[in-house]
Amino acid sequence: MKLLRVGPVGKERPVVMDAAGNLRDIGEPEIDGAFLASGGVARVRDALENGTLPIIETDGLRIGAPVARPGKIVCIGLNYSDHAEETGATPPPEPVVFMKAANTLVGPYDEVLVPRNSVKTDWEVELAVVIGETCRYLDSREEALARIAGYAISNDVSEREFQLERAGQWDKGKSCETFNPMGPWLVTADEIGDPQDLGMRLWVNGELRQNGSSKNMIFDIAEIVRYLSWFMVLEPGDVINTGTPAGVAMGLPGQPYLRANDVMELEIDGLGRQRQTVGQA
C-alpha cells in the first residue's frame with residue numbers, strides 16, 4: 001500500500017492510494033507512531049480490500065510528509081561505498097550515527113530553504129525506513145526487518161560548513177528548517193521486494209547528479225536497524241535515513257552547492273518522485 005498525508009501544513013489528512021491511483025480517506029486521525037503500533041496498516045488494508053473507504057477530491061491538495069512528526073530522525077553517515085570514496089573518507093568499521101531534528105520534516109514538494117549565512121547547502125537522496133514496532137536489543141536481522149513498517153524517499157539536505165567546519169557534532173549541519181523533505185508516500189514493506197536493489201536518482205536544475213543503488217550500502221537496512229536497537233530504543237513512527245550514494249555537491253568538481261531558485265528532483269524505484277524549489281531563509 002501507499003499511505004499519504006494531504007492538505008495544508010498542520011492540517012494534513014491521512015489517505016491511501018488504491019490500485020487505480022485514487023486517494024481514499026482511511027478514517028484514521030493520523031499516520032503516526034500510534035497508528036503503526038496499533039495495527040493501523042492492517043486495518044487500512046482490510047478496509048481497502050473491502051471497498052469501504054471513500055474517494056476524496058485531490059485537485060490542488062498539497063502532499064505532506066507521509067508520517068506525522070516522528071519521535072526522532074536517525075541518520076547513517078558514509079554508508080555508501082561510492083559516496084565514501086568521493087569524499088575521501090575511509091569506509092567506517094561500524095555505522096556512523098547522528099540525529100536530525102524531527103521538525104526538519106516537510107513534504108516532498110515543499111520549498112527547501114538555504115539557511116542564513118550558508119554557502120554550502122547540499123543535497124542527498126536517501127532511502128528512508130519507517131519503524132512499525134518497538135526495536136530494543138534485537139538479536140537478528142530477521143527481527144529487524146519484521147519491525148519495519150515501510151519505506152519512503154528522503155532528501156537529507158545538509159549544510160557542509162555547519163556540519164564539518166564549525167566544530168562539534170554533525171547535527172547542526174543537518175537540522176536547519178526544511179532540511180528533510182520526505183515522501184510522496186510511505187510504501188509498506190511487503191510491496192518493496194528487495195530494499196537492497198533500488199535505483200536512486202537526483203537531478204539539480206535538470207542535470208543528473210546522483211545515480212546510484214541501495215545495493216552499494218556498506219551496512220544494509222537489516223543491520224542498521226539491528227545495530228541501532230543496541231544504542232537506542234526505536235519506536236513506531238521513527239524515521240531512519242540510511243545514507244546517500246555518490247554525486248553530492250561536496251564531492252563534485254567546483255562543488256556546485258545549492259542556491260535560491262535551484263530545483264531538485266529525486267526518485268527511488270518503487271517509491272515515487274519528489275521535487276523541491278530552493279528558497280532563502
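These notes cover the structure that comes with them. The model shown is predicted, which means the values in this text are computed figures rather than measured ones.

Before going further, it helps to examine helix α2 (residues 40–50). Residues Gly40, Val41, Val44 and Ala47 constitute the buried set of α2. Buried residues in α2, looked at end-on, bunch into an arc of 135 degrees, giving them a common side. More than 90 degrees from the buried face of α2, the exposed residues found are Glu49 and Asn50. Packing partners of the buried residues in α2 comprise β1 (2–6), β2 (13–17), α1 (33–37) and β13 (186–188). Following α2 by one or two positions, Gly51 has its phi on the positive side, about 70 degrees.

Taken in spatial order, the five strands of this open sheet run β7-β18-β17-β14-β15, and their pairing is mixed. Either end of the sheet is taken by a strand with one partner, and the two such strands are β7 (112–114) and β15 (207–213). This sheet shows a mean twist of 20 degrees between the axes of neighbouring strands, independent of strand direction. Pairing analysis gives six bridges linking strand β14 (residues 199–204) to β15, with the strands arranged antiparallel. Considered in β15, the bridge of Val204 is made with Glu207.

A word on the side chain of Thr244. Along the chain, Thr244 turns up in the loop between β16 (239–241) and β17 (263–268). Within polar-contact distance, the side chain of Thr244 engages the backbone oxygen of Val125 at 2.8 Å. Side-chain polar atoms of Thr244 contact the side chain of Gln210, separated by 2.8 Å. In contact with Thr244, other than residues within four places in its own chain, are Tyr80, His83, Glu124, Val125, Glu126 and Gln210.

Cut-off values and rules
- Residues numbered from 1 in each chain as written.
- Predicted model: local features only at pLDDT ≥ 70, side-chain atom pairs only at ≥ 80, totals over all residues.
- Heavy atoms only, no water.
- Buried < 20%, exposed > 50% of the residue type's maximum accessible area, 1.4 Å probe, protein only.
- Helix = DSSP H or I, 4+ residues; strand = E, 2+ residues; numbered from the N terminus.
- Arc of directions from axis to C-beta.
- Contact = heavy atoms within 4.5 Å.
- Pairing = 2+ DSSP bridges.
- Axes fitted to C-alpha atoms, helices over the stretch in contact; angles between N-to-C directions.
- Polar contact = N/O pair within 3.5 Å; in protein donor to acceptor, adjacent residues only side chain to side chain.

Geometry only, nothing functional implied.
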